Amino acid sequence: MYKGKKIVQPSYLKEGDKVALVSPAYWVPQEALQQAAETIKSWGLQPVIGPHTNNLNVNAYAGTADERASDLLWALEDDTVKAVVCSRGGYGSNHLLNRIPQEYYQQHPKWIVGHGDITVLLYAIAGSGVMCIHGPMAFQIASNQEPASSITRNILFGTVPQYRIPGNPYNRVGHAEGILIGGNLSSYSAIAGTKYQLSLKQDIILFIEEVEESLHGIDRLFYMLTLQENFERVKGIIFGTFNSIKYDLQYGSVEQMLTAHLREYEIPICCGFPVGSNSCIPLIEGAPCSLDVTTKNAVVTFNIKGTMRPYDAEEYHPQLLREKDL
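Note that this is a predicted model, so its numbers are computed, not measured. (Residues numbered from 1 in each chain as written. Predicted model: local features only at pLDDT ≥ 70, side-chain atom pairs only at ≥ 80, totals over all residues. Heavy atoms only, no water.)

Would you mind going over the packing of aromatic side chains with me for this structure?
Aromatic ring pairs are defined here through the distance separating the ring centres and the angle between the ring planes. Applying the stated criterion to the full structure yields 10 aromatic pairs. Between Phe-231 and Tyr-265, the ring centres sit 5.2 Å apart and the planes meet at 75 degrees, which makes this aromatic pair edge-to-face. With a gap of 34 residues between them, Phe-231 in the loop between α8 (215-226) and β9 (234-243) and Tyr-265 in the loop between α9 (254-260) and β10 (269-271) connect regions that are remote in the sequence. A single burial state applies to Phe-231 and to Tyr-265, both of which are buried. Both rings, one in Phe-239 and one in Phe-242, keep their centres 6.4 Å apart while their planes meet at 55 degrees; by these two values the pair is tilted. For Phe-242, a relative accessible area of 13% corresponds to the buried category. An aromatic cluster is defined as three or more aromatic residues linked by ring pairs; in this entry it consists of Phe-222, Phe-231, Phe-239, Phe-242 and Tyr-265. In this arrangement the basic side chain of Arg-68 is found over the ring face of Tyr-61, its NZ or CZ atom lying 4.5 Å from the centre. Just above the ring of Tyr-311 sits the side chain of Arg-309; from NZ or CZ to the centre is 4.3 Å. (Phe/Tyr/Trp six-rings, centres within 6.5 Å; stacked < 30°, edge-to-face > 60°. Helix = DSSP H or I, 4+ residues; strand = E, 2+ residues; numbered from the N terminus. Buried < 20%, exposed > 50% of the residue type's maximum accessible area, 1.4 Å probe, protein only. Lys NZ or Arg CZ within 6 Å of the ring centre and 35° of its normal.)

Encoded structure:
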């Protein structure tokens, strides 16, 4: 748990800086790594690939747990590396938690990017007091998934997004401030409340997304989160995308079910934020932020150093346009 007096914002990058590609969890083909490296090079940066990043273990991991941890340690300890992009999630990031001392992230602060199973690492990094990026990974950058890739590039170079998305029938109006934390529900619920958590003095803005899970599984995981003693620190909630969900309970949507669990909490709720496996608009975890929800829209603002760049829904998620008149 982070016990320091301040939150560390990693330095922004400049042209020519090195960006490491590592695989804390599952393996990706060499072709995807090379394509991601070419995209990163087109950003004006110098990609370097971890020694074990392309190792295929019999269990689909990118090498053993020690090998995967050694790649991340290498990227952290090399002062010429200024940012780290994870190649993909899948499973296995939790194996690295006890292999990398949590204080290492503050001793070697740099932007680390990932999502999905990487949620557990981002939780530990934010818990150490260092900001990180819940954003597209190498396999998505390789396919040039836009606009997630370009917004991630902008963040690395110092342009901080402010997101505005249209209203949703399950939104709850209000204003909240806190440290942004969250990610994939299955991964987040497995580590939430452990020794890697944020300082107990910090309020939280929580964001959640999920893919390929049953409705009753989401119900169980989220409901257990609300029973944690420190859930009272949650001052606002952002629900992202829920893709390929098996509807085995009688609810019209995931949002309908989850907001029902939050009736007793007088906090703002934003539904439909485009963060998830298919639309990974980057969010800055561990950063102080504000959530403002009105009847017309919801706005997420990061209160950190950098040049603010507002994004309206039509700029980053055209599918949301149909919800504008709700």
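Got a minute to help me understand the environment of Tyr-311 in this structure?
Examined against the element boundaries, Tyr-311 turns out to sit in strand β14 (residues 307-312). The sequence separation of Tyr-311 and Val-299 amounts to 12 residues, and the corresponding C-alpha distance is 9.6 Å. With near-sequence residues (within four places) excluded, Tyr-311 lies in contact with Ile-151, Asn-154, Pro-161, Gln-162, Tyr-163, Arg-164 and Tyr-316. (Contact = heavy atoms within 4.5 Å.)

Sorry, what's going on with the sheet that holds strand β8 (residues 204-211) here?
What links the strands of a sheet is backbone hydrogen bonding, and the strands pair in either a parallel or an antiparallel sense. In spatial order, the strands read β10-β9-β8-β7-β12-β13-β6-β14; together these eight strands make up an open sheet with mixed pairing. The two strands at the open ends of the sheet, each matched to only one other strand, are β10 and β14. Looking at each pair of strands side by side, their axes are set apart by 25 degrees on average, direction ignored. One ladder, built from seven bridges, connects β8 with β9; its direction is parallel. The residue of β9 that forms the bridge with Phe-207 is Ile-238. Lying over the sheet, helix α6 (residues 148-156) contacts β6 (159-166) and β14, oriented at roughly 140 degrees with respect to β6. (Pairing = 2+ DSSP bridges. Axes fitted to C-alpha atoms, helices over the stretch in contact; angles between N-to-C directions.)

Looking at this structure, I do not really get the environment of Glu-177. What am I missing?
Within the secondary structure, Glu-177 is located in strand β7 (residues 174-184). Discounting chain neighbours no more than four positions away, the residues touching Glu-177 are Asp-203, Ile-205, Lys-235, Cys-289 and Ser-290. One polar contact links Glu-177 to His-175, side chain to side chain, over a distance of 3.0 Å. (Polar contact = N/O pair within 3.5 Å; in protein donor to acceptor, adjacent residues only side chain to side chain.)

Looking at this structure, how should I read the pattern of salt bridges?
Side chains that differ in charge, positive against negative, can pair when their charged atoms come close. What the rule picks out here adds up to four salt bridges. One salt bridge connects Glu-38 with Lys-41, and the closest N-O pair in it is separated by 3.6 Å. Remark: Lys-41 and Glu-38 occur in helix α1 (residues 30-42); sequence separation between them is three residues, near one turn of the helix. Exposure remark for Lys-41: the relative accessible area of 48% places this residue in the partly exposed category. (Salt bridge = Lys/Arg side-chain N within 4 Å of Asp/Glu carboxyl O.)

Looking at this model, I keep getting lost on the nonpolar core. Mind explaining?
Across soluble globular proteins, nonpolar side chains show a tendency to be buried alongside one another. The biggest cluster of nonpolar side chains holds 58 residues, and the ones touching the most others in it are Leu-72, Tyr-105, Leu-206, Phe-222, Ile-237 and Phe-239. Once residues lying within four places of it in the same chain are set aside, the contact partners of Phe-239 are Ile-208, Phe-222, Leu-258, Thr-259, Leu-262, Ile-269, Cys-270, Cys-271, Gly-272 and Phe-273. Residues Val-19, Leu-45, Ala-138 and Leu-156 belong to the second largest nonpolar core, which totals 44 residues. (Core = buried A, V, L, I, M, F, W, Y, C linked by side-chain atoms within 4.5 Å.)

When you look at a nonpolar patch on the surface in this model, what are you seeing that I'm missing?
Taken together, the side chains of Tyr-223, Met-224 and Leu-227 make up a nonpolar region of the molecular surface, amounting to roughly 320 Å² of accessible area. Along the chain, the position of Tyr-223 falls in helix α8. Exposure remark for Tyr-223: the relative accessible area of 40% places this residue in the partly exposed category. (Patch = residues over 30% accessible without salt bridge, like charges linked within 9 Å, V, L, I, M, F, W, Y side chains within 5 Å. Areas by Shrake-Rupley, 256 points an atom, 1.4 Å probe, with all protein chains shown as cover.)

What is the right way to read the environment of Pro-288 from this model?
One can find Pro-288 in strand β12 (residues 288-293). Residues Pro-288 and Ile-179 lie 109 residues apart in sequence; the distance between their C-alpha atoms is 4.4 Å. If we skip the residues at most four places from it in the chain, Pro-288 touches Ile-7, Met-131, Gly-178, Ile-179, Thr-301, Phe-302, Asn-303 and Ile-304.

Explain helix α2 (residues 65-77) to me, please; I cannot follow it from the model alone.
Every α-helical turn comprises 3.6 residues, leaving residues that sit three or four positions apart pointing alike. Here α2 contains 13 residues, and its C-alpha end-to-end distance of 18 Å stays within 8% of the 18 Å for a straight helix at 1.5 Å per residue. Among all positions of α2, only Ala-65, Arg-68, Ala-69, Asp-71, Leu-72, Leu-73, Ala-75 and Leu-76 are buried. Tucked inside the fold, the buried residues of α2 contact β1 (18-22), β3 (81-86), α3 (103-107), β4 (111-114) and α4 (119-127). (Expected span 1.5 Å × (residues − 1).)

Honestly, the pairing of β3 in this entry has me stumped. Any pointers?
Most of β3 sits out of view: five of its six residues are buried. Relative to β3, β1 runs parallel, the two being bridged by five bridges. Considered in β3, the bridge of Lys-18 is made with Val-81. Pairing geometry for β3 and β4, over three bridges, is parallel. Bridging across to β4, Val-85 finds its partner in Val-113.

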